[in-house]
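Structural features, examined
In case you want the letters, here they are:
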Amino acid sequence: MLMIGAAVALTVGVREIEPHEYMEALWHYDPFDPAHVTIVHIRLPRFLAAIVVGAALGIAGLVMQALSRNPLADPGILGVNAGAAFALVLGTALMSQADQTVLTLLAFPGAAVASIVVFALGGGLKGDAGPVRLTLAGAAVNAFLLSSVTAVVLVQQETFEVKRYWVAGSLSDAAYRPLTAMAVVIGLATMLAFAIAPSIETLSLGTDLARGLGMRPGYVQAGALTVVTLATGAAVSVAGPIAFLGLLAPHLATRVLQNSKDRSLRFRMVMAAALGAFILMVADVLGRLIMAPEEVRAGVVVALVGGPVFVWIARSLKPGATA
Amino acid sequence: MAPIRDKNSEFTRRKFSLCCGAACLAAPYVSANGRWIEVEHAWGTLRLNQPAERVVSIGYTTQDALLAMGVVPLAVRHWFGENPNSIWPWALKTLGQTEPVVITGEVSIEMIADLAPDLIVAIGSGIARAEYEILVQIAPVLMHASDEPVFGSPWQADTRRIGQALGKDGHAEKLVSDVEAKFLSARSRHPDWQGATAVAAWQNGSVTGAFLGQDKRAQFLTQLGFVPPEKLRDVTARQGFYATLSPEDLSPLDADLLLWTSSLGGSSDIARLPMRRTLNAHRQGREVFADTDVSAALSFGSVLSLPFALDRLEADFNAALDGRPGTIVASAASAGLTP
Amino acid sequence: MMGFIWLFGCLLVSTGAALLIGQIDASPVVLWSGLVAGEGPGALILDTIRGPRVATALGAGAVLGMAGAMFQMLFRNPLAAPDILGFNAGAGLAIIIGIALGTSLPAPLLAAFGGIEVAILIKAYTYKGPGGTPVLTIVLVGIGAGFTATALATFLMSSMPGPAAAEAQRWLTGSLAARDWGHASQVAAIGLILALVALGQARALSALELGDTLATGLGLNAEAARWRIAGTAVLLTAAGVAVAGPVPFIALMAGPVGVRMTRARSVSARMLSGAGAGALILVLADLVARASISGIQLPAGVATGLLGAPYLLWCLSREIERGDL
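About the cut-offs
- One numbering rule holds for all chains: residues counted from 1, following each sequence as written.
- Note on labels: chains are lettered from A, ligands numbered from 1, in written order.
- Reporting in this predicted model follows two pLDDT cut-offs: at least 70 for local features of residues, and 80 or more for side-chain atom pairs to be given and counted; totals over whole chains, interfaces and linings ignore these cut-offs and use all residues.
- Note that water and hydrogens are dropped before the side-chain values are worked out from all heavy atoms of the structure.
- Axis definition: a line fit to C-alpha positions, over the contact stretch in the case of helices; interaxial angles, taken between N-to-C directions, run 0 to 180 degrees.
- Secondary structure elements are taken from DSSP: a helix is a run of H or I of four residues or more, a strand is a run of E of two residues or more, and numbering for both begins at the N terminus.
- Here is the rule for angles: anything less than 35 degrees is roughly parallel, anything more than 145 is roughly antiparallel, 65 through 115 is roughly perpendicular, and the remaining ranges are oblique.
- Crossing handedness follows the turn of the near helix against the far one: under a right angle anticlockwise gives a left-handed crossing, and clockwise gives a right-handed one.
- For this analysis, residues touch if any pair of their heavy atoms sits within 4.5 Å.
- At least two bridges found by DSSP between two strands are what make those strands a pair.
- Here, patches come from residues exposed beyond 30% relative accessible area and free of salt bridges, joined within 9 Å for like charges and within 5 Å for nonpolar side chains (Val, Leu, Ile, Met, Phe, Trp, Tyr).
- Accessible areas in this description were obtained via Shrake-Rupley with a 1.4 Å probe; residue shielding takes into account the shown protein chains only.
- Every case where a carboxyl oxygen of Asp or Glu lies within 4 Å of a side-chain nitrogen of Lys or Arg is listed as a salt bridge.
- Each residue after the first adds 1.5 Å to the expected span of a helix.
- Values labelled buried area give the accessible surface lost by two parts on being combined, using a 1.4 Å probe and summing over both.
- Under the scheme applied, nonpolar residues are Ala, Val, Leu, Ile, Met, Phe, Trp, Tyr, Cys and Pro; charged residues are Asp, Glu, Lys and Arg; polar residues are all the others, including Gly.

1. Some details on the packing of helix α5 (residues 155-166) of chain B against helix α6 (residues 169-189) of chain B
Residue and element names in this part refer to chain B. Contact geometry of α5 with α6 gives a least axis separation of 7 Å together with a crossing angle of 160°. The orientation of α5 relative to α6 falls into the category roughly antiparallel. Note that α5 runs across α6; the crossing there is right-handed. The residues of α6 that touch α5, namely those facing W155, Q156, T159, R160, G163 and Q164, are D169, A172, E173, V176, V179 and E180.

Now the structure itself:
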C-alpha cells in the first residue's frame, strides 16, 4: 500500500516528467531544468514529509486516544496546533517578517510550550492527569490561544496572510523546513511510544488498578505526553497543522484491524503510522490535481475527504469498538 | 464632547441638479450655486449643504485622496505597516504637523462620534450595512458607487467622489489628470515598453502567484503599456484579482519583465525558490523587486501612491528591459534575486 | 440561592461597567442626563451605540450559555458544545460562502442558517430508525461534519483577496458591532420563548442523566427526548449566533463557570446558571475587546476565549486540589 503511494506521489503532478529524467535528476542534477527542480526540490521532499508527518500524526493520535480514553482525542486537543499558530503569529507581528526560517523556528517551541502548559494544568505535575482534566485543560488553553491569535491578526493585518496559509497544513513547504531534524525527533518519539505502549494499555484499565500493579501512572502519562508533543510538534513544524489526521488514522487502523488477532497497542501504532502516511500522500497528490494548476493544501484535502469517510465509519461503528 | 449633529434638522430636501456631460457617471449632482452637494452611492445618497471640513476617513486607502486635496482627516484607518499615524511616505509631506487619530480593528463608532465630523468617507472600508446605518446618524457617509466592487473601485473614481464631497471637484480633476499625464509621459519615454509582457508576482510561503486583471498592481503595469504574458491569460483568476500557480510550473511568469512584490516574507523566500532559477526572466536579469514601500504603494493604488511607485520603479524597469542580460537591476540585486 | 444572587450581582456590575466604559469614557452624569433628556451625547451612547450592544450581548450570551449547559448535560461530557453537532463550523462556512458570493445579508443571520442546516444534516444522516442512535455516533458524525465544513471554509477563505478575507475573519470571530435595539429585542424574545421550552424539558433531561435504561424505565422515550432537547439547544444557539455571529467558547465555558458560581445542582438550575454565566462572559468579553486597548477595537469573539479560559483553568485547578474531579 505504501509502495503504491510512493509511486503515485513521486510521479503524479502538474508537470509531466519522463521516467528517464528521474534518474538524470538524481545523478546529473541541473538547476536550470524545471523537471529536475520539480523532482528534487518539490516531489521528493513532499514524499518524505508525507511519510514522516503522516506517521507522526498517526502515532500521536493513537497515543492521545489511548491515554485520554477518549475516542475523540486528537493531538490538537493538547494545544499543539494552537500553540504553534500563536507563536508564529505573535513572532511575525513582533519581528515584522515571516520568511520560512522564522516560521520554522517558531512553530516547534510554540507547540511544545503549549502542550507542556496543558499537561501541567491538567494535573500532570501531580502525576494524575486524568482524561477529563486533560481534555478540559486542553480545551481551555486552545480557547485562550486561538482567541489571542485572532486578536493579533486583526490588529496587525499583515500577519493575516501568515495565518491564512497556516490554518490548513501543507507539504509544499517541506523543502524549506528542517526535515531531517524533525524526522529524527519523530523517530525518537516513535521509539518512546513503542517502549511505553504496554504501560499505556495497563493504564487504560484504570489508574488505581495500574498503581496496584506497581506502575507509576505519572511517569507513563509524562512519557505519553512527551511522545505526543514531540511527534505533533515536529509534524507541525514541517507541514503546519494537519487537523484531523490524528483523529482519523487511529480509527481507521482499528477498523482495519478489527478482525485481526493481534490488537495490541504496538501493532495498532504501526498500522496507524502507515495509514497516516498513506492518507497524507494521497491527500497531497489529490491536492495537486483537483484544481490544477492551483494547489489545494493537503490539510484541506484530508479534512474534505477524511471528513465524510470518518462520518461513514462513525456511522457503522459498533458501540464499544473504539479505544 | 462636541454636540452630535442631527441629520434631520440640518438637511432639508431641496434638490438642485446640474447634469455633467454624458461621459460622467450617472449619479452625482452639484448645484449651480455650489452650496448643495449630493452624491449617490451604493447604499443611498450623500447630502451636504456645504463642503465638508472635518472628515473622518475609514476606508483603507481614502486618506491619500483627502490629503492630496489638502484636507487632513481627523481619523485614519490603519491597514498595515509600521508607519507613524499609519501614513505612508508618499503622503507624509501633505500631513504637516497634525496627527490624526488611528482607527485599528473594528471601526469604533464611539471614537468617530467623539470627533464630531462633517463627513465620513467609507469607500473601500468593508463596513457592514448595520454599521453604515449607525454611522449615518453621526455624519453623512460616502460609499463607493453601486456599480463598483467594495474593495476594488478605481482610484480615479474614488478621487473624484471624494473631491465632490469636499466641494473640490476641480482640484480632484486636476489631480487625476496629472497622474494620468505622468503615466502617459512615461509611456512616451519608453516606446519599447508598449506591447512587452510583464507580470506582477507574489510569493507567500511556498505558494507563488500573480496579479491579474482588475488588480491594482496588474493595472499599474497595463497603464504603462505592458500586456500580460499569454500563458498567464489562460490561468484562471480568482474573482479577477489574482491567480495561484503550481510550484511545478512557473512558466506563466516568464515575461519580458517580472516584477516581484514583497510581503511580510521579504525577499528571502523568493530568493530561495529553486524553480525561479529555471525561468528565462531570471537568467536574463529581467526581474525587478518592489520593496516594502513600493509594494505598499502598488497595493494602495491611490492618487498619491501611484506616482511614488512609478518614480521608484522606472529606472529598474529600464534596466531590466534594456535587452542586455549584463545590466544589474538595482532592486533585484539588493534583494538577492540576480543570477 | 446565594450563588444566584452573586451571579446576578456580577451581571449588574458588568452591565454598568459596559455602559460606562469604552473607547470614549462617559461619566454617569452624562449618561443620566442622556437618559432623562433623550438627547445629547449621553443619549447617543445609551440609545444608539452602547445600549443596544450591551443588551444584545446579554441576550446572546444567555442563550448561548444555556444551550451549552444543555449540551453538556445531554451528552454527559464537559466538552460537549453545539459544536459537537458541527454548528459553529456550519455557521462559519455559511458566512464565508455568503461573503464570497457577495450577498448583502448580514453575516450573523447567515451563520444561524448555516449552523441549523448542519445540525439537521447530522440528524438526518445518523438516523437509524426506531432502534435509536448511539450517542457516540452522533458525536463522531458531528465532529466529522464540523471538520469538513471548516475545511471547506478555510479553502474558500484562502481564495479571497486580502481585505475581503480580513473582513470575513472578523465576522467569523463573532462580533457585536453596530447592534441596534432590533437585534436586542429579537434575541430576547426568541430566547425567552426557547428558555421556557427548555425549562419544560428539564424533567426529561434529568431522567436522561440517569442513563437510557433507567430513563426508559421511567416511561420516557429516550431517543425522542434526546432529539427534542438537542433541538431546543440548537435553536437557542442559532438565536444567539443570529445576532452575534459564531462567538466561540461561550457555550463551552458557561456551563462549568455557572455551576462554579452558583453551585447549582438541579437541571433547571444549571440551565439558568449557564444562561447567567454566558451573559456575564459575553458582556465582559465585549467590554474587554472593545475598550481595553486605546485606539483599537476588537470583535467580542476575540475576548471570549481570553476571559473564559483562565477562569475555567482556575476552576479546574481548585477542583483538582480538592480532589473533586
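2. Description of the sheet that holds strand β7 (residues 119-121) of chain B
Strand order across the open sheet formed by six strands is β8(B)-β7(B)-β4(B)-β5(B)-β6(B)-β1(C), with parallel pairing between neighbours. Single-partner strands in this sheet number two, and they are β8 (141-142) of chain B together with β1 (296-297) of chain C. Sheet analysis places strand β4 (residues 55-57) of chain B next to β7 of chain B, joined by three bridges and oriented parallel. Within β7 of chain B, the position partnered with V56 of chain B by the bridge is I120 of chain B.

3. Some details on the sheet that holds strand β13 (residues 287-290) of chain B
Residues and elements named next belong to chain B. Taken together, the five strands give an open sheet; going across it, the order is β11-β10-β9-β12-β13, and neighbouring strands pair in mixed fashion. Taken across any chain shown, the strands that pair with only one partner, and hence form the sheet edges, are β11 (242-245) and β13. Neighbour to neighbour, the strand axes of the sheet diverge by 30° on average, direction disregarded. As defined by bridge partners, strand β9 (residues 198-204) adjoins strand β10 (residues 207-211) across four bridges and the pair is classed as antiparallel. Residue pairing for β10: A201 is matched across the bridge by A210. Of the strands in this sheet, β12 (257-261) and β13 touch helix α11 (residues 292-300), which is tilted by about 85° from β13.

4. Regarding a nonpolar patch on the surface
Residues and elements named next belong to chain A. A cluster of nonpolar side chains, M23, L26, W27, L44 and L48, forms an exposed patch at the surface whose accessible area comes to about 530 Å². Contributing elements (two or more residues each) for the nonpolar patch: α2 (19-27) and α3 (34-68). The biggest single contributor to the nonpolar patch is α2, with three residues. Secondary-structure assignment places L44 in helix α3.

5. Side note on helix α4 (residues 87-101) of chain C
Relative to the 21 Å expected for 15 residues at 1.5 Å per residue, α4 of chain C spans 21 Å between its end C-alpha atoms, a close match to the ideal helical length. Directly after α4 of chain C, the chain includes G102 of chain C, whose backbone phi takes a positive value near 80°.

6. Re the interface of chain A and chain B
On the chain B side, the residues contacting the 39 residues of chain A number 32 residues. When the two sides are added together, the surface that chain A and chain B hide from each other amounts to roughly 2900 Å², 53% of it contributed by carbon and sulfur. Together, F32, E158 and Y176 of chain A form the three largest contributors to the area buried by chain A at its contact with chain B, with a combined 21%. Taken together, the links from chain A to chain B amount to two salt bridges. Between R288 of chain A and E248 of chain B there is a salt bridge, and its shortest N-O distance comes to 3.8 Å. When residues of the side of chain A that touches chain B are traced back to their parent elements, those giving at least two are α3, α5 (100-121), α6 (131-155) and α7 (157-166) of chain A. Here the residues of the side of chain A that touches chain B are counted per class, giving 14 nonpolar, 12 polar and 13 charged.

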